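What follows is the residue order along each chain.
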Amino acid sequence: MKTQPMRKTWWILSVLCFVVAVMLPEVSYAQIDAAALARAQRDRQLGGGMGGNQGFGSDMYGNNTTGMEGEEGMEGEAADSTERKKRERKPLESYYFSDTVRALNNWKWSIDRDYNRVDIQPLDTVLADWRIDYVFYRKGVGDMALGGLGQSSQAVNWFDRRQDRDFTFARSYDAYTTRLDNVPFYNGKKPFTNLMYLESGQKRYREEHFEIVHSQNISPSTSANVNYKSRGTMGLYDWQRTKNHALSVAFAHTGKRYSVHAAYMHNKITARENGGVVGEWAIADTTFEMPSGVPMRLASSKAENTNRNNGFFIKQSIAIPLQRVTEYDFSLADLSAIHIGHQLEYNTWSKVYTDQRGTYTNERGQYNNDGSYSPTTHEYYTDWFISPETTRDSISERLLSNRLFIQAQPWDRNGVVGTIDGGVGLDLHTYSYLRLSDYATGKVTKDKRTSWYVYGAVSGKIKRYVDWGADAKYYPSGYRGGDLYLGANITLRAYIREHPLILSGRFRQELRSPGYWHQNLFSNHYAWFNSFDKESETRFEVNFSVPDIALEVGAWQGIMGDMIYYGPDSRVAQHSGTVSLTSLYARKDFRIGGFHLDHRALVQITSNESVLPVPTLSAFLSYYYEFWVVRDVLRVQVGFDGRFNTAYYAPSYNPALSAFYNQREVKIGNYPYLDVFVSAKRKRMRILLKLQHLNQDLFGNGEYFQVAHYPLNPRMFKFGISWSFYD
């Protein structure tokens, strides 16, 4: 039994514990800006809570402390050194992110392949472009596509096409694949999950788009995420089924001194290849009961492509401050420092193409003198080098890349000379395919190449008005020896009543080796062993934008020497001479009350249409009305989108090579492609109802092609839903 003094002591201790528990601030998970943190720390040490201090009313983590003058450590009282305090969780202190970014609830970024930098991006949870469900239509005026979801596409704007030489067979799937430079990393105060599903058409011919993203912060500086996308079509046309899977599992730690980004990537693409229609007449002036009845050139050959990719990378760096780091220095962004890092990448791609010998009949293959047509029979491929009846071409490519880099921060990261970068890299390439001699030995020849290079860059800014940078990369010897890349950029900003006007310019000069598969290939239908010269490219770009009024204009000028391309016979060729391309782009979105009139237009002028064919004019228009149905709860858009390009000899597509080639048989274009839609957002959920290709058989010339011989989808209804969760 407790004595009276013991009871009194126990009661006093209980009351004191209760008071301390109530009055101690809860450690917040939020990340606050560096200035506020420094002020809070300084105010606490100087006896925070004094009348003139700006930090009064909040602790170092932004928690409200008003009325807590009696807490230990305040009013000059000494804290009890024997008291056990809860360990405080460190906020996000990385030099990658500015105070503005840290203030966001959730954001994502991707890493730079060469340098110790990141590209910050907003989460795609808004209503703005939700109606544009095909990912290859999102940028500028969009891509030219084979027709169905998951199928090959390439940018209409030539300057938006990727020019690297690694596994060029997968380049036509760039809109879908996960790669080192587009793997997303996330940070947020709460877990983030997004589910997306869109479908269209009958079950037998359905297009489906499914995505799931989940991101979880382990600490303010450490996060992990899983990102999976499945997109494809069962095929409205004969032998068109395509399935595209992309997965990334990523981890990031962005600490004050140490950072690491790591990810596993997987891509799988299976595509039945129908080779396009037997003739444009089958779309333009003939009506079939179902699209599946339209005759296709490779349908009887059962052609199919399977692409697989597995990759992994890890990029890490450690910062070494060059001056003393005090408790007031929230991050190293404002200090002199050196960052030393390493990047390891392993990537393997494989492609298997199969078919069987078959023919197709063009009912209008020959035009007679009496105005009638006679049918003609054809084979898609003219050569069968290995087997006269069936094809199974297997190709693979492997890359093991190591890079060591250093980044100097002479003064601070936002200084006139903010960062100076340098690095050295070693790439080990392995190329595998069956050569003619391999059929005698029964072994696949592996061609191993080694390339090494040095690279560097310098960048800086002058307050908020000027950003500038320059970079260089050079391969001294070995595979790709002599390749050179030079670049420079500058961005100027002016402000009218805090509304920015942005003028930017870029310059690129490249001398690059031909791709391995452009010089070496032996397959059932195509074989070549070329010795091409290096390609050269000089590119100038100027862009002016006023974000607050949705205005953007841009211009590109490119001069390409010894350009490599796929000719009319689908074989690789090199143009001896130069080709120039001039492009002008304009975007202006008008808003009149709730009405939105969005315009994007691209003009391209080429000096040689046989080598570099582009449409003279391409446009995307979107007119819609946006309004609140229930204020701050349900917002709706109702309107239509339209796409158009002038007629030209558009590229066609070769299934065996998974490549676009320059055909000179038929011009396509001058056809408007219209969609009508209703899209809505209710709190965290987005909904889409769309009638795609509204104008089929109503108006237009009936030739709805973007790629020669490959018709776009006919009219169909779409439904989609996207739901985000933040807990």
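In this report, we go over the structure that sits alongside the text. (Residues numbered from 1 in each chain as written. Predicted model: local features only at pLDDT ≥ 70, side-chain atom pairs only at ≥ 80, totals over all residues. Heavy atoms only, no water.)

With respect to the overall build of the protein
Phase 1: On a plain count of helices and strands, the protein comes out with 6 helices and 37 strands.
Phase 2: Here the contacts in the protein between residues at least 6 apart in sequence split such that 65% fall between residues at least 24 apart.
Phase 3: Approximately 34200 Å² of the protein is accessible, and the part contributed by carbon and sulfur atoms is 57%. (Helix = DSSP H or I, 4+ residues; strand = E, 2+ residues; numbered from the N terminus. Contact = heavy atoms within 4.5 Å. Areas by Shrake-Rupley, 256 points an atom, 1.4 Å probe, with all protein chains shown as cover.)

Quick word on the pairing of strand β19 (residues 484-496)
Phase 1: Strand direction decides the pairing type here: strand β18 (residues 466-474) and β19, joined by 9 bridges, are antiparallel. The residue of β19 that forms the bridge with Trp 468 is Ile 490.
Phase 2: Sheet topology note: the β19/strand β20 (residues 499-512) ladder contains 13 bridges and is antiparallel. If you follow Gly 487 over to β20, its bridge partner there is Arg 508. (Pairing = 2+ DSSP bridges.)

Remarks on the environment of Lys 534
Phase 1: By the secondary structure assignment, Lys 534 is in the loop between β22 (527-529) and β23 (535-546).
Phase 2: Note: C-alpha distance between Lys 534 and Leu 511 (23 residues apart in sequence) is 6.4 Å.
Phase 3: Among the polar contacts made by the side chain of Lys 534, one reaches the main-chain carbonyl oxygen of Gly 481 at a distance of 3.0 Å.
Phase 4: A distance of 2.7 Å separates a polar atom in the side chain of Lys 534 from a polar atom in the side chain of Ser 513. (Polar contact = N/O pair within 3.5 Å; in protein donor to acceptor, adjacent residues only side chain to side chain.)

Some words on the sheet that holds strand β1 (residues 106-111)
Phase 1: What the 3 strands build is an open sheet, ordered β2-β1-β5; its pairing is antiparallel. Each edge of the sheet is formed by a strand with only one pairing partner; in this case those strands are β2 (118-121) and β5 (185-188). Neighbouring strand axes in the sheet, compared pairwise and without regard to direction, differ in orientation by 30° on average.
Phase 2: As paired strands, β1 and β5 are joined by 4 bridges and run antiparallel to one another. The residue of β5 that forms the bridge with Asn 106 is Gly 188. (Axes fitted to C-alpha atoms, helices over the stretch in contact; angles between N-to-C directions.)

A closer look at the side chain of Ser 259
Phase 1: Topologically, Ser 259 is positioned in strand β10 (residues 258-273).
Phase 2: Using a relative accessible area of 2% as the deciding quantity, one classes Ser 259 as buried.
Phase 3: A distance of 3.2 Å separates a polar atom in the side chain of Ser 259 from a polar atom in the side chain of Tyr 96.
Phase 4: Look past the residues within four positions of Ser 259 in its chain and what remains in contact with it is Tyr 95, Tyr 96, His 253, Thr 254, Lys 315, Gln 316 and Ser 317. (Buried < 20%, exposed > 50% of the residue type's maximum accessible area, 1.4 Å probe, protein only.)

What to know about the pattern of salt bridges
Phase 1: According to the stated counting rule, one finds 38 salt bridges in the structure shown.
Phase 2: Between Asp 181 and Arg 179 there is a salt bridge whose closest N-O contact spans 3.5 Å.
Phase 3: Classification of Asp 181 as partly exposed rests on a relative accessible area of 31%.
Phase 4: Residue Lys 718 pairs with Glu 207 through a salt bridge whose shortest N-O separation is 3.9 Å. Remark: Glu 207 occurs in strand β7 (residues 207-219) and Lys 718 occurs in strand β37 (residues 716-725); sequence separation between them is 511 residues.
Phase 5: Classification of Lys 718 by relative accessible area gives buried; the value is 3%.
Phase 6: Accessibility expressed as a relative area gives 2% for Glu 207, which makes it buried.
Phase 7: Residues participating in the shared-partner salt-bridge network are Arg 165, Asp 471, Arg 508, Glu 510, Arg 512, Glu 535, Glu 537 and Arg 539. (Salt bridge = Lys/Arg side-chain N within 4 Å of Asp/Glu carboxyl O.)

A look at the environment of Pro 714
Phase 1: Position of Pro 714 among the secondary structure elements: in the loop between β36 (710-711) and β37.
Phase 2: For the pair Pro 714 and Gln 696, spaced 18 residues apart in the sequence, the C-alpha separation amounts to 6.7 Å.
Phase 3: What Pro 714 contacts, discounting residues up to four positions off in sequence, is Leu 236, Tyr 237, Pro 291, Gln 692, His 693 and Gln 696.

Considerations on unusual backbone geometry
Among all residues save glycine, negative phi is the norm, and among peptide bonds the norm is trans.
Phase 1: Positive phi, normally seen in glycine, also occurs at Glu 498, with a value near 70°.
Phase 2: In this fold, Glu 498 is placed in the loop between β19 and β20.
Phase 3: Given a relative accessible area of 55%, Glu 498 falls into the exposed group.
Phase 4: Even without being a glycine, Ser 570 presents a positive backbone phi close to 70°.
Phase 5: Within the fold, Ser 570 resides in the loop between β25 (564-566) and β26 (572-574).
Phase 6: Classification of Ser 570 by relative accessible area gives buried; the value is 4%.

As for a nonpolar patch on the surface
Phase 1: Nonpolar side chains collect at one region of the surface, where Tyr 346, Leu 400, Leu 404, Val 424, Leu 426, Leu 428, Trp 452, Val 454, Tyr 474, Leu 484, Leu 486 and Leu 511 lie side by side and expose about 920 Å² of accessible area between them.
Phase 2: For the nonpolar patch, the elements supplying multiple residues, two or more each, are β15 (390-409), β16 (419-433), β17 (445-462) and β19.
Phase 3: No other element matches β16, which puts 3 residues into the nonpolar patch.
Phase 4: Within the secondary structure, Trp 452 is located in strand β17. (Patch = residues over 30% accessible without salt bridge, like charges linked within 9 Å, V, L, I, M, F, W, Y side chains within 5 Å.)

Topic: the packing of aromatic side chains
Phase 1: If you walk through the whole model with that rule in mind, you get 41 aromatic pairs.
Phase 2: Measuring from ring centre to ring centre gives 5.4 Å for Phe 192 and Tyr 726, while their planes differ by 45°; the resulting arrangement is tilted. You can see Phe 192 sitting in strand β6 (residues 192-200) and its partner Tyr 726 sitting in the segment after β37, a full 534 residues away along the chain.
Phase 3: The class of Phe 192 is buried, set by a relative accessible area of 5%.
Phase 4: Members of the aromatic cluster, each reached through a chain of ring pairs, are Phe 167, Phe 169, Trp 349, Tyr 431, Tyr 433, Tyr 479, Tyr 516 and Trp 517.
Phase 5: Above the plane of the ring of Tyr 137 lies Arg 643, whose end atom (NZ or CZ) is 3.9 Å from the centre.
Phase 6: In this structure, Lys 718 packs its charged tip against the face of Tyr 134, placed 3.6 Å from the ring centre. (Phe/Tyr/Trp six-rings, centres within 6.5 Å; stacked < 30°, edge-to-face > 60°. Lys NZ or Arg CZ within 6 Å of the ring centre and 35° of its normal.)

Examining the pairing of strand β24 (residues 551-561)
Within a regular beta strand, the side chains point alternately toward one face of the sheet and then the other, so they alternate between its two faces.
Phase 1: The pairing of β23 with β24 spans 11 bridges and is antiparallel. Note that in β24 the partner of Phe 544 across the bridge is Val 553.
Phase 2: The hairpin turn running from β23 into β24, its antiparallel successor, is 4 residues long, and Ala 550 in that turn takes a positive phi close to 50°.
Phase 3: Of the pairings in the sheet, the one linking β24 to strand β27 (residues 578-592) comprises 11 bridges and is antiparallel in character. Of the residues in β27, the one forming a bridge with Val 553 is Ala 586.

With respect to the environment of Gly 481
Phase 1: Along the chain, Gly 481 falls in the loop between β18 and β19.
Phase 2: For the pair Gly 481 and Ser 451, spaced 30 residues apart in the sequence, the C-alpha separation amounts to 7.3 Å.
Phase 3: If we skip the residues at most four places from it in the chain, Gly 481 touches Tyr 475, Pro 476 and Lys 534.

Overview of the side chain of Ser 336
Phase 1: Within the secondary structure, Ser 336 sits in the loop between β11 (303-321) and β12 (337-356).
Phase 2: At a separation of 2.5 Å, a polar atom in the side chain of Ser 336 contacts the main-chain carbonyl oxygen of Pro 410.
Phase 3: If we skip the residues at most four places from it in the chain, Ser 336 touches Pro 321, Leu 322, Gln 323, Gln 409, Pro 410 and Trp 411.

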